[in-house]
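Residues per chain, in single letters:
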Amino acid sequence: MNFLSSPRNISTALMYSFAQHPEVAVVDEPLYAHYLRHQTTVAEHPGREAVLASQENDGEKVVAAMLNDDYGKPCVIFKQMTHHLIALDLAFLDRMQNILLIRDPRAILSSYGKVVSEVSAQDVGIGQQHELYHTLKAAGKLTAVVDSARLLQNPAGVLSRLCAAIGIAYTPAMLQWPAGPRPEDGVWAPYWYANVHASTGFQPYVPKDYPLPPHLEAIAEACQPLYATLLEAAL
């Protein structure tokens, strides 16, 4: 099962949440090294060499492992970034359940721009999510769309509906996790996961304004209609 997320979403918190489920194993961004090998943008990813050294770089081999390896639980969830799905045959998505995790583009860009410089629309994956939405929906392979704000506003309710869509039982244990790193964390965690490592559950939703510099504002404006379409389908 794939959680197909934009970056700087609450994908890691959602991964930690599902890691509390007794029937679920989680895997953190298995295609990150593959993406770095094939990246077409100029964004500099912190810890790039460590990521490449830590994972299989051949995406086709990664996909074969996702489809065939034994992860020790009845259900395995792969936390994926949609922009990582490049230079790859995406037919494997037809053999899995797929959940799109979305967030307001301004919130994404405000956070992402603090870690990565020279950000382009391709780096945040919203266009890719929009394309995947239509492709997966047409093929009958889209299980659900989850919006981060709605999840934070009602964690138990959204998680219950998501579990029902996936076909597993919801458990309140998914609302809390121990503070600190998890063994599933990728080597990139020190650069990206400070907030979730300090948490023990989903943080309350707080509406914010996200003032952006002009180049990021232009990306946000271009992505906003795509996000609006996805939001209409969200749980």
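Reading guide: rules and limits
- Residues numbered from 1 in each chain as written.
- Predicted model: local features only at pLDDT ≥ 70, side-chain atom pairs only at ≥ 80, totals over all residues.
- Heavy atoms only, no water.
- Core = buried A, V, L, I, M, F, W, Y, C linked by side-chain atoms within 4.5 Å.
- Buried < 20%, exposed > 50% of the residue type's maximum accessible area, 1.4 Å probe, protein only.
- Helix = DSSP H or I, 4+ residues; strand = E, 2+ residues; numbered from the N terminus.
- Contact = heavy atoms within 4.5 Å.
- Phe/Tyr/Trp six-rings, centres within 6.5 Å; stacked < 30°, edge-to-face > 60°.
- Polar contact = N/O pair within 3.5 Å; in protein donor to acceptor, adjacent residues only side chain to side chain.

1. Side note on the nonpolar core
Core analysis: the biggest nonpolar cluster contains 52 residues, and Phe18 and Phe202 have the highest contact counts within it. Per-element accounting of this core gives the leading share, six residues, to helix α1 (residues 11-19). With residues near it in sequence (within four places) discarded, Phe18 still touches Phe3, Val24, Val26, Ile77, Leu159, Leu162, Cys163, Ile166, Ile168 and Met174. Within the second largest apolar cluster, 23 residues are counted, among which are Ala25, Val27, Val76 and Leu230.

2. Quick word on the packing of aromatic side chains
Summed over all chains, the structure comprises six aromatic pairs. Look at Tyr32 and Trp188: their rings are 5.0 Å apart centre to centre, the planes differ by 70°, and that puts the pair in the edge-to-face class. With Tyr32 in helix α2 (residues 32-38) and Trp188 in the loop between α9 (155-166) and α10 (189-192), this pair connects stretches of sequence that are 156 residues apart. The exposure classification of Tyr32 matches that of Trp188, with both residues buried. Between Tyr71 and Phe78 the ring centres are 5.4 Å apart and the planes differ by 85°, which places this aromatic pair in the edge-to-face class. For Tyr71, a relative accessible area of 28% puts it in the partly exposed group. Among the aromatic side chains, those forming a connected cluster through ring pairs are Tyr16, Trp177 and Phe202.

3. Points about the side chain of His197
Secondary-structure assignment places His197 in helix α11 (residues 194-197). Reaching out from His197, the side chain makes a polar contact with the side chain of Tyr16 at a distance of 3.0 Å. Beyond its immediate chain neighbours, meaning those up to four positions away, His197 contacts Tyr16, Ala179, Gly180, Pro181, Asp185 and Ala189.

Fair warning: the whole summary comes from geometry, so function is off the table for now.
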